[in-house]
Amino acid sequence: KIVWADDRAVLAVGRIVDLIGERPTFMVLHEYFRQYGGVFKLSFGPISAGTFYVISDPEAVKCILKQNTFNFDKGILAEILDPILGKGLIPA
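Residues numbered from 1 in each chain as written. Predicted model: local features only at pLDDT ≥ 70, side-chain atom pairs only at ≥ 80, totals over all residues. Heavy atoms only, no water.

## Quick notes on helix H2 (residues 25–36)
Part 1: The end-to-end C-alpha distance of H2, which contains twelve residues, comes to 16 Å, matching closely the 16 Å that a straight helix rising 1.5 Å per residue would cover.
Part 2: Taken together, the buried positions of H2 are occupied by Thr25, Val28, Leu29 and Tyr32. Looking straight down H2, one finds its buried side chains confined to an arc of 95°; they lie on one side. Opposite the packed face of H2, turned more than 90 degrees from it, sit the exposed residues Phe26 and Arg34.
Part 3: Trailing H2 by a residue or two, Gly37 shows a phi angle of about 95°, which is positive. (Helix = DSSP H or I, 4+ residues; strand = E, 2+ residues; numbered from the N terminus. Expected span 1.5 Å × (residues − 1). Buried < 20%, exposed > 50% of the residue type's maximum accessible area, 1.4 Å probe, protein only. Arc of directions from axis to C-beta.)

Printed below as a string of structure tokens:
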């Protein structure tokens, strides 16, 4: 499911080894945040299932988690990254 088909979120291309390397995941995501801002797409492959949104802007988080909860899902990538990221708010 593509969350926002006509979005304007910047696409950041990542390397999966960055998320499973020696550094904590939040440090890698913080670097992307500093470069791309509070809402961006992070892609680890050429297919849409390999792309997910990183949301850290408070207004966007409120919109997703409080106002439009049932319009969004975590997607297949959350299932794949479950052993790394867990089930908390990071993969939400």
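## Description of the side chain of Lys41
Part 1: As for its position among the elements, Lys41 is in strand S2 (residues 39–43).
Part 2: On the basis of relative accessibility, which here comes to 19%, the residue Lys41 falls in the buried class.
Part 3: Contacts of Lys41, omitting those with residues within four sequence positions, involve Asp7, Ala9, Val10, Leu11, Ala12, Thr51, Phe52 and Tyr53. (Contact = heavy atoms within 4.5 Å.)

## Digging into the nonpolar core
Nonpolar side chains in soluble globular proteins tend to be buried together.
Part 1: Grouped together as the largest cluster of nonpolar side chains are ten residues: Ala12, Leu19, Val28, Leu29, Tyr32, Phe40, Leu42, Phe52, Val54 and Leu81.
Part 2: Elements with a minimum of two residues in this core: H2, S2 and strand S3 (51–55). (Core = buried A, V, L, I, M, F, W, Y, C linked by side-chain atoms within 4.5 Å.)

## Brief notes about the sheet that holds S2
Part 1: Taken together, the three strands give an open sheet; going across it, the order is S1-S2-S3, and neighbouring strands pair in mixed fashion. Pairing within the sheet leaves two strands with one partner each, and these edge strands are strand S1 (10–13) and S3. Going across the sheet, the axis of each strand differs from the next one's by a mean of 35°, ignoring polarity.
Part 2: Strand direction decides the pairing type here: S2 and S3, joined by five bridges, are antiparallel. (Pairing = 2+ DSSP bridges. Axes fitted to C-alpha atoms, helices over the stretch in contact; angles between N-to-C directions.)

## Things to note about the packing of aromatic side chains
Part 1: Enumeration over the complete set of coordinates arrives at three aromatic pairs.
Part 2: Ring plane angle 55° and centroid distance 6.2 Å describe the contact between Tyr32 and Phe40, whose orientation is recorded as tilted.
Part 3: Members of the aromatic cluster, connected to one another through ring pairs, are Tyr32, Tyr36 and Phe40. (Phe/Tyr/Trp six-rings, centres within 6.5 Å; stacked < 30°, edge-to-face > 60°.)

## A short note on the confidence of the model for the chain
Part 1: For the chain, mean pLDDT is 75; residues scoring 70 or higher make up 73% of the total.
Part 2: For the chain, helix H4 (residues 75–85) is the element with the lowest average pLDDT, namely 71, and H2 is the one with the highest, namely 88. (pLDDT = per-residue confidence, 0-100.)

## Remarks on the pattern of salt bridges
When the charged atoms of two side chains lie near each other, side chains of opposite charge can form a pair.
Part 1: By the definition in use, this model includes one salt bridge.
Part 2: A salt bridge links Arg23 to Glu31, with the nearest nitrogen and oxygen atoms 2.9 Å apart. (Salt bridge = Lys/Arg side-chain N within 4 Å of Asp/Glu carboxyl O.)

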